[in-house]
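Tertiary structure, described
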Amino acid sequence: MTPTPLLTELTARARAKAHSRTAPCPCGAATLADRPDATVVRHADTVAKAHAPNTPRADLTPRLTTATHLPGILLPPLTPTPVDLHGRLVTFWPYGTPVDPDTPDAAPWEPAATLLARLHRTPVPVPLPPMRGPAKAARAIARLRATAADHPATRPVLHAWDTLPAWARAEAPMPDSTTLCHGDLHLGQLVRHPAPDGPWLLIDVDDLGTGVPAWDLARPAAWYACGLLPPDEWTRFLTAYRTAGGPAVPADGDPWAALDVPARALTVQTAARATAKAAAEDRPLDEVELSMIDACARMASLPPELTPEFAK
């Protein structure tokens, strides 16, 4: 990887911040991510993140403030104000130990569900923009149309997209505008802090906002419905969420009336991203990606909420 000016200076900023926090500094540096939408570097116990280009300061700042107000749920930033660097907003965070992808049996489904339930039950501490889940799904569809319009998988994905209600396509306001939501929940959004074995906390506030809380349960729900998440793991997650009083689904009984539309939307988003990526890399879709396309094909034939599990 050839360092860019942003990556080089972001690394320097992380080093300077780490040295200001820890003396002596156990110098150790790493680039954790370098994508168009985020560049993240670590130096010792400090992480610096350059957020996506054109991220509005007016949206990011209250999200940071919210994380500062909820330290037992969200990892709080080192400072609640972003700085400018090469035209990007940059934030600084304490390092936390992420979920180990090589030990799937140890996936923290119960802590993730409990944190979500606590988040959803928490009054919004400062005015926030809408959570960005539907907008991200819409961007994935726009990219698919722009880059892979002729791909054979595109047609079922777009048909499934067209069955969703306007709010799930970011074409109308969400039916809930008061519940605090994460907006992009997956296991990569949890860390233990203090490292290495502190309590689990949610990270990444870029999509944080108010909206439909079932969206935060939609990714594991979609994986379960598509056969990618074992039933026992889904049951553990759902049971922990209900036990913690999460408001996104009924306290008992069939949860799918609440989960169906968000789960469909996440399935379509995942399928759209997979198809666009496969087209860009000029490769066939893999088995997991094909399962998402197949789910979209089945979804297109059944309107939302008419079947409890669209992929079963």
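Analysis parameters
- Residues numbered from 1 in each chain as written.
- Predicted model: local features only at pLDDT ≥ 70, side-chain atom pairs only at ≥ 80, totals over all residues.
- Heavy atoms only, no water.
- Axes fitted to C-alpha atoms, helices over the stretch in contact; angles between N-to-C directions.
- Helix = DSSP H or I, 4+ residues; strand = E, 2+ residues; numbered from the N terminus.
- Parallel < 35°, antiparallel > 145°, perpendicular 65-115°, else oblique.
- Contact = heavy atoms within 4.5 Å.
- Nonpolar A, V, L, I, M, F, W, Y, C, P; charged D, E, K, R; others polar.
- Core = buried A, V, L, I, M, F, W, Y, C linked by side-chain atoms within 4.5 Å.
- Buried < 20%, exposed > 50% of the residue type's maximum accessible area, 1.4 Å probe, protein only.
- Pairing = 2+ DSSP bridges.
- 1 Å grid on protein atoms, 1.4 Å probe; cavity = no way out; pocket = protein on both sides within 12 Å on 5 of 7 lines; lining within 4 Å.
- Points joined across faces, edges and corners; volume = space filled by probe spheres on them.

**A look at the packing of helix H6 (residues 218-225) against helix H8 (residues 256-281)**
Running from N to C, H6 and H8 cross one another at 85°; their axes reach a closest spacing of 8 Å. Classified by the angle between their axes, H6 and H8 sit roughly perpendicular to one another. Where H6 abuts H8, its residues Ala218, Arg219, Ala221, Ala222, Tyr224 and Ala225 lie against Trp256, Leu259, Pro262, Ala263, Leu266, Thr267 and Gln269. Looking at the contact of H6 with H8 residue by residue, the class counts come to 10 nonpolar, 2 polar and 1 charged.

**As for the nonpolar core**
Val157, Leu202 and Trp234 are the most contacted members of the largest nonpolar core, which has 85 residues in total. Here the element with the most residues in this core is H8; it accounts for 11 residues. Apart from the residues lying within four places of it in its own chain, the contact partners of Leu202 are Ile73, Leu74, Leu75, Leu115, Leu116, Leu119, His182, Leu185, Gln189 and Leu190. With 10 residues, the next largest nonpolar core counts Leu7, Ala14, Ala48 and Leu85 among its residues.

**Quick notes on the sheet that holds strand E1 (residues 29-35)**
Across the sheet, which stays open at both edges, the 5 strands sit in the order E1-E2-E3-E5-E4 with antiparallel pairing between neighbours. Among the strands making up the open sheet, the edge pair consists of E1 and strand E4 (83-85). Between one strand axis and the next, the sheet turns by 25° as a mean value, whatever way the strands run. Here E1 runs beside strand E2 (residues 38-43); their pairing, made up of 6 bridges, is antiparallel. Residue pairing for E2: Asp34 is matched across the bridge by Thr39. Along the sheet, helix H2 (residues 57-69) contacts E4 and strand E5 (88-94); its crossing angle with E5, the most-contacted strand, is approximately 10°.

**Considering the layout of surface pockets**
In this structure, the second largest pocket spans a volume of roughly 260 Å³. Where the lining of the second largest pocket is concerned, the elements lending two or more residues are H6 and H8.

**Concerning the pairing of strand E3 (residues 46-50)**
Judged by how many residues are buried, E3 sits mostly within the fold: 5 of 5 residues are covered. Bridging between E2 and E3 involves 5 bridges; their strand directions are antiparallel. Bridge pairing in E3 places Thr39 opposite Ala50. In textbook terms, the turn of a hairpin is the stretch between consecutive antiparallel strands, and for E2 and E3 this stretch comprises 2 residues, one of which, Ala44, has a positive phi near 55°. Pairing of E3 with E5, which is carried by 5 bridges, proceeds in the antiparallel orientation. Note on E5: the bridge partner recorded for Ala48 is Phe92.

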